[in-house]
Amino acid sequence: MDSTFNDLSAAIEQMLEAVAQNDDLKRGLRMATTASAVSEVAAQAGVEIDPAALVKHYAQRLLDAPDATAIHNFDLCSWDAGELLWTMKNWHS
């Protein structure tokens, strides 16, 4: 893995550690529905996370995982079929 991937993994971990210690950050992260909103919570925790880098990091982890793990992790997103179909219909190439 390259250093950018490792740096972002460390930043995400740092954000999650800060969130675990702060109820306002926990609430903010629970309510975050976009990559930008997650990045805003990270910034409040004193961690810089670029929204595009966050999305690509997550996508790369799905691509690199064994099939069963990729499916399991995708399913953790808890999208219902309607949300998934709407997302796929509106996906930009």
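Residues numbered from 1 in each chain as written. Predicted model: local features only at pLDDT ≥ 70, side-chain atom pairs only at ≥ 80, totals over all residues. Heavy atoms only, no water.

Description of the overall build of the protein
Argument step 1. Helix and strand content of the protein: 6 helices and 0 strands.
Argument step 2. Counting from the amino terminus, the protein carries its helices and strands in the arrangement α-α-α-α-α-α.
Argument step 3. Across the 93 residues that make up the protein, the buried fraction comes to 23%.
Argument step 4. When contacts within the protein are restricted to residue pairs at least 6 apart in sequence, long-range pairs at least 24 apart make up 35% of them.
Argument step 5. With 6 positive and 14 negative side-chain charges, the protein shows a separation of 6 Å between the mean positions of the two kinds. (Helix = DSSP H or I, 4+ residues; strand = E, 2+ residues; numbered from the N terminus. Buried < 20%, exposed > 50% of the residue type's maximum accessible area, 1.4 Å probe, protein only. Contact = heavy atoms within 4.5 Å. Lys, Arg positive; Asp, Glu negative; His and termini not counted. Charge placed at Lys NZ, Arg CZ, Asp CG, Glu CD.)

Thoughts on the nonpolar core
Argument step 1. Formed by 14 residues in total, the largest nonpolar core has its most connected members in M15, V47 and I49.
Argument step 2. Counting only elements with at least two residues in this core, the list comes to α1 (3–20) and α3 (35–44).
Argument step 3. Sorting elements by how many residues they give to this core places α1 first, with 5 residues.
Argument step 4. Ignoring any residue separated from it by four or fewer positions in sequence, one finds I49 in contact with L8, A11, I12, M15, S39, A42 and L54. (Core = buried A, V, L, I, M, F, W, Y, C linked by side-chain atoms within 4.5 Å.)

Considering helix α4 (residues 51–64)
For an α-helix the count is 3.6 residues per turn, leaving residues at separations of three or four pointing the same way.
Argument step 1. The end-to-end C-alpha distance of α4, which contains 14 residues, comes to 20 Å, matching closely the 20 Å that a straight helix rising 1.5 Å per residue would cover.
Argument step 2. Within the span of α4, buried status applies to L54, H57 and L62. Down the axis of α4, the smallest arc covering the buried residues is 135°, so these residues share one side. Facing away from the buried surface of α4 by more than 90 degrees, the exposed residues are K56 and L63.
Argument step 3. Next to the buried residues of α4 lie α1, α3 and α5 (67–75).
Argument step 4. Between the side-chain oxygen of the N-cap and the backbone nitrogen of A52 there are 3.2 Å, and the N-cap of α4 in question is D50. (Expected span 1.5 Å × (residues − 1). Arc of directions from axis to C-beta. Polar contact = N/O pair within 3.5 Å; in protein donor to acceptor, adjacent residues only side chain to side chain.)

Here we look at α3
Argument step 1. Considered for burial, the residues of α3 that qualify are A37, V38, S39, V41 and A42.
Argument step 2. Turning to α3, the residues buried within the fold contact α1, α2 (23–31) and α4.
Argument step 3. Following α3 by one or two positions, G46 has its phi on the positive side, about 85°.

What about the packing of α2 against α3?
Argument step 1. At a minimum axis separation of 9 Å, α2 and α3 run at an interaxial angle of 170°. When the axes of α2 and α3 are compared, the pair comes out roughly antiparallel. Of the residues in α3, those touching α2 at L25, G28 and L29 are V38, V41 and Q44.
Argument step 2. Classifying every residue of the contact of α2 with α3 by side-chain character gives 4 nonpolar, 2 polar and no charged. (Axes fitted to C-alpha atoms, helices over the stretch in contact; angles between N-to-C directions. Parallel < 35°, antiparallel > 145°, perpendicular 65-115°, else oblique. Nonpolar A, V, L, I, M, F, W, Y, C, P; charged D, E, K, R; others polar.)

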